[in-house]
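Structural description and commentary
One letter stands for each residue in the lines below.
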Amino acid sequence: MSAETPAASGQFTRRRLQFRAWRGQRPFWAGLFIIFGGLPIAYFPYANLRIGHLTLAMATTAGAGSLIIGVLLVVLGISLWFQKHIRVFAGVAAILLALVSIPVSNLGGFLIGFLFALVGGAMAVSWVPGEASEQELRADAGVHGGAPEGAFPESTVSGPAEGAAATGEPNDLSGTSPANGANGRHSAG
């Protein structure tokens, strides 16, 4: 492609909008925070810090535990991106793994990984799917000209009305209808 190709900017814009739509339908930022939390937890126990000629090894006896916790956090973060229905499980598991990482892996990756995993887990637990916008609803309006899907039943059955609907009385079994003056309060006696 040359720099003069007009399709390049349109394709970039289209891909960016597709990614934005994909990102908006799942707990993307929660997964990213959890991944960022898992990386320092897994890395620091195996890192060597060099200060001049002095090498400081931060390896702990629980180095394998740190690696397992870090890898599990990265896997939970990625699974949040592709399986949004496990958000509560992944969020609670990320919070628990972040708490376990404090004694196991150098204060949870020197508190960096701990805080990222804790915030990401809380974001995952609190995320809920958004409401569809009016543009999406108009685009999804199908055969019936924008009417809801159940508005036109496939078959109609006419028969005698039964119960309160036939007599015209309200179908309130609790006796707390505003029509009878109870105003939503129960009376004893």
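Counting restarts for each chain: residues are numbered from 1 in the order of the written sequence. The model is predicted, so local features are restricted to residues of pLDDT at least 70 and side-chain atom pairs to those at 80 or more, both for listing and for counting; the totals for chains, interfaces and linings are taken over all residues. The side-chain quantities take in all heavy atoms of the structure and omit both hydrogens and water.

For the rest of this paragraph, the subject is the UniProt feature "transmembrane region" (unreviewed entry) in the protein. UniProt positions are given in the numbering used here, feature names are shortened, and annotations may be inferred rather than shown by experiment. Under the UniProt annotation, the feature "transmembrane region" (unreviewed entry) is placed at residues 28-46, 58-81, 88-104 and 110-128. By the criteria applied, helices consist of DSSP H or I runs no shorter than four residues and strands consist of E runs no shorter than two, each listed in order from the N terminus. Along residues 28-46 the backbone is 84% helical and 0% strand, and the end-to-end C-alpha distance reaches 28 Å. Helix and strand shares over residues 110-128 are 84% and 0% respectively, and the end C-alpha atoms of the span are 31 Å apart.

Under this scheme, a helix contributes an axis fitted over its contacting stretch, all axes are lines through C-alpha atoms, and angles between N-to-C directions fall in the 0 to 180 degree range. Contact geometry of helix 2 (residues 28-43) with helix 6 (residues 112-126) gives a least axis separation of 7 Å together with a crossing angle of 155 degrees. If you check the angle between helix 2 and helix 6, you find them roughly antiparallel. Of the two elements, helix 2 crosses helix 6, and the hand of that crossing is left-handed. Between helix 2, through W29, A30, F33, I34, F36, G37, P40 and I41, and helix 6, the contact on the second element is made entirely by I112, G113, F114, F116, A117, V119, G120, G121, M123 and A124. Here the angle decides the label: under 35 degrees means roughly parallel, over 145 means roughly antiparallel, 65 to 115 means roughly perpendicular, and every other value means oblique. Should the near helix be turned anticlockwise from the far one by less than a right angle, the crossing is left-handed, and should it be turned clockwise, the crossing is right-handed. In this analysis, two residues are considered to be in contact whenever any of their non-hydrogen atoms come within 4.5 Å of each other.

What follows covers the side chain of S105. Along the chain, the position of S105 falls in the loop between helix 4 (87-104) and helix 5 (106-110). Relative accessibility under 20% of the residue-type maximum defines a buried residue, over 50% an exposed one, and the middle range a partly exposed one, all with a 1.4 Å probe and only protein chains included. A relative accessible area of 0% means that S105 is categorised as buried.

Moving on: a nonpolar patch on the surface. On the surface, a nonpolar cluster with roughly 390 Å² of combined accessible area is contributed by V88, V92, L96, L99 and V125. Per-element tally for the nonpolar patch: the top contributor is helix 4, with four residues. The topology assignment puts V88 in helix 4. The class of V88 is partly exposed, set by a relative accessible area of 41%. Patch definition: residues with relative accessible area over 30% and no salt bridge; like charges joined within 9 Å; nonpolar side chains (Val, Leu, Ile, Met, Phe, Trp, Tyr) joined within 5 Å. Using a 1.4 Å probe, accessible areas were evaluated by the Shrake-Rupley method; residue-level cover was limited to the displayed protein chains. Take a side-chain nitrogen of Lys or Arg and a carboxyl oxygen of Asp or Glu: if they are within 4 Å of each other, that pair is a salt bridge.

We define the nonpolar core as a collection of buried residues of types Ala, Val, Leu, Ile, Met, Phe, Trp, Tyr and Cys that are connected through side-chain atoms lying within 4.5 Å of one another. Counting residues in each nonpolar core, the largest one holds 16 residues, and the members touching the most others are I34, L73, L76 and L80. The set of elements that each furnish at least two residues to this core consists of helix 2, helix 3 (63-82), helix 4 and helix 6. Examining the composition of this core, we find that five residues originate from one element, helix 4, more than from any other. Excluding residues that lie within four positions of it along the chain, L73 makes contacts with I34, I35, G37, G38, I41, A94, L97 and A117.

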